[in-house]
Amino acid sequence: MTPAVGFDLDMTLIDSRPGIRAAYQELTARTGVFVDADLAVSRLGPPLRTELRHWFPEDEVEAAVTTYRGLYPEFAIAPSLPTPGAAEALDAVRAAGLRVVVVTSKLGRLAGLHLDHLGLRADELAGGLFAEGKASALVEHGVRWYVGDHVADMVAARTAGVPGVGVTTGPCSESELRAAGASYVLSDLTVFPTLLSEIAVGPEPYAR
């Protein structure tokens, strides 16, 4: 298997805040339950149920999840944008002879809609995974470095035994990412090609 670089999705490859904000606002309109959309998008990363439990009684969470996911394709895809340098980062991975693997807590079918809409191609996509739960997918798909914006992404990389590359485009600071085990921390993906050229070197650059 050709080795890979793994990427988180929300706030790593895409700025999904505009779309998710719109989806939460529509969820409020449909259910009558107020969700502070601006607050919710300030803490993206954990699974959807984690956020909805802040707003819905426990016995209504599953129905809210279903409603939200039904709204998502219509309201959340088009407004979302690639993060700075995302396309170039994926190009750099392929130029280095590596594969692109996206591992995200978002459902795979919804993540795929984002990638297709923005023209960001992944060789493999694993969804519905968070923190340590991402590690098995990282190992399965031969990921050698995992790039993410959340401390949970650094936990995933550490659990999988690979270096974590943090980006401060999401809710977590450089110090938080380093404390969670990040081997490298970048301001955004615009500098990732330079980092990759430095770390993917040597006669057997991908040996673990």
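What you see is a predicted model; the values in this text were computed from it and never measured.

Scoring rules and cut-offs
Residues numbered from 1 in each chain as written. Predicted model: local features only at pLDDT ≥ 70, side-chain atom pairs only at ≥ 80, totals over all residues. Heavy atoms only, no water. Helix = DSSP H or I, 4+ residues; strand = E, 2+ residues; numbered from the N terminus. Rg over C-alpha atoms; globule rule 2.2 N^0.38 Å. Contact = heavy atoms within 4.5 Å. Areas by Shrake-Rupley, 256 points an atom, 1.4 Å probe, with all protein chains shown as cover. Lys, Arg positive; Asp, Glu negative; His and termini not counted. Charge placed at Lys NZ, Arg CZ, Asp CG, Glu CD. Core = buried A, V, L, I, M, F, W, Y, C linked by side-chain atoms within 4.5 Å. Buried < 20%, exposed > 50% of the residue type's maximum accessible area, 1.4 Å probe, protein only. Pairing = 2+ DSSP bridges. Right-handed = clockwise from strand over helix to strand, strands pointing away. Salt bridge = Lys/Arg side-chain N within 4 Å of Asp/Glu carboxyl O. Axes fitted to C-alpha atoms, helices over the stretch in contact; angles between N-to-C directions. Parallel < 35°, antiparallel > 145°, perpendicular 65-115°, else oblique. Nonpolar A, V, L, I, M, F, W, Y, C, P; charged D, E, K, R; others polar.

A. Layout of the overall build of the protein chain. When helices and strands are counted, the protein chain shows 10 helices and eight strands. A globule of 208 residues ought to have a C-alpha radius of gyration of about 17 Å, and the protein chain, at 17 Å, matches this closely. Taking the contacts inside the protein chain whose residues are at least 6 apart along the sequence as the reference set, 61% of them involve residues at least 24 apart. Counting only carbon and sulfur atoms, one obtains 52% of the accessible surface of the protein chain, whose full area is about 8,900 Å². Once the 17 positive and 26 negative side-chain charges of the protein chain are each reduced to a mean point, those two points are 3 Å apart.

B. Structural view of the nonpolar core. Residues Val5, Phe7, Leu13, Leu189, Phe192 and Leu196 are the most contacted members of the largest nonpolar core, which totals 27 residues. For this core, the secondary-structure elements that each account for two or more residues are strand 1 (4-7), helix 5 (86-95), strand 4 (99-103), helix 6 (108-118), strand 6 (143-148), strand 7 (164-167) and helix 10 (192-199). Broken down by element, this core gets its largest block of residues, five residues, from helix 5. With 23 residues, the next largest nonpolar core counts Leu27, Leu48, Val61 and Leu110 among its residues.

C. Geometry of the pairing of strand 4. Burial within strand 4 is extensive, with five of its five residues counted as buried. Across three bridges, strand 4 lies against strand 5 (residues 124-126) in parallel orientation. Paired with valine 103 across the two strands is alanine 126, which belongs to strand 5. Crossover handedness for the path strand 4 to helix 6 to strand 5: right-handed.

D. Focus on the pattern of salt bridges. Within this structure, the stated rule accounts for 13 salt bridges. Where glutamate 26 meets arginine 30, a salt bridge forms, and the shortest distance between an N and an O atom there is 2.6 Å. In this pair, glutamate 26 and arginine 30 both sit in helix 1 (residues 17-31), four residues apart, roughly one turn of the helix. According to the relative accessible area criterion, glutamate 26 is buried, its value standing at 18%.

E. The arrangement of the packing of helix 4 (residues 58-75) against helix 6 in detail. Where helix 4 contacts helix 6, the two axes come as close as 11 Å, and the packing angle between them is 10°. Classified by the angle between their axes, helix 4 and helix 6 sit roughly parallel to one another. Contacts between helix 4 and helix 6 pair Arg69, Tyr72 and Pro73 from the former with Arg109, Leu110, Leu113 and His114 from the latter. The class makeup of the residues in the contact of helix 4 with helix 6 is four nonpolar, one polar and two charged.

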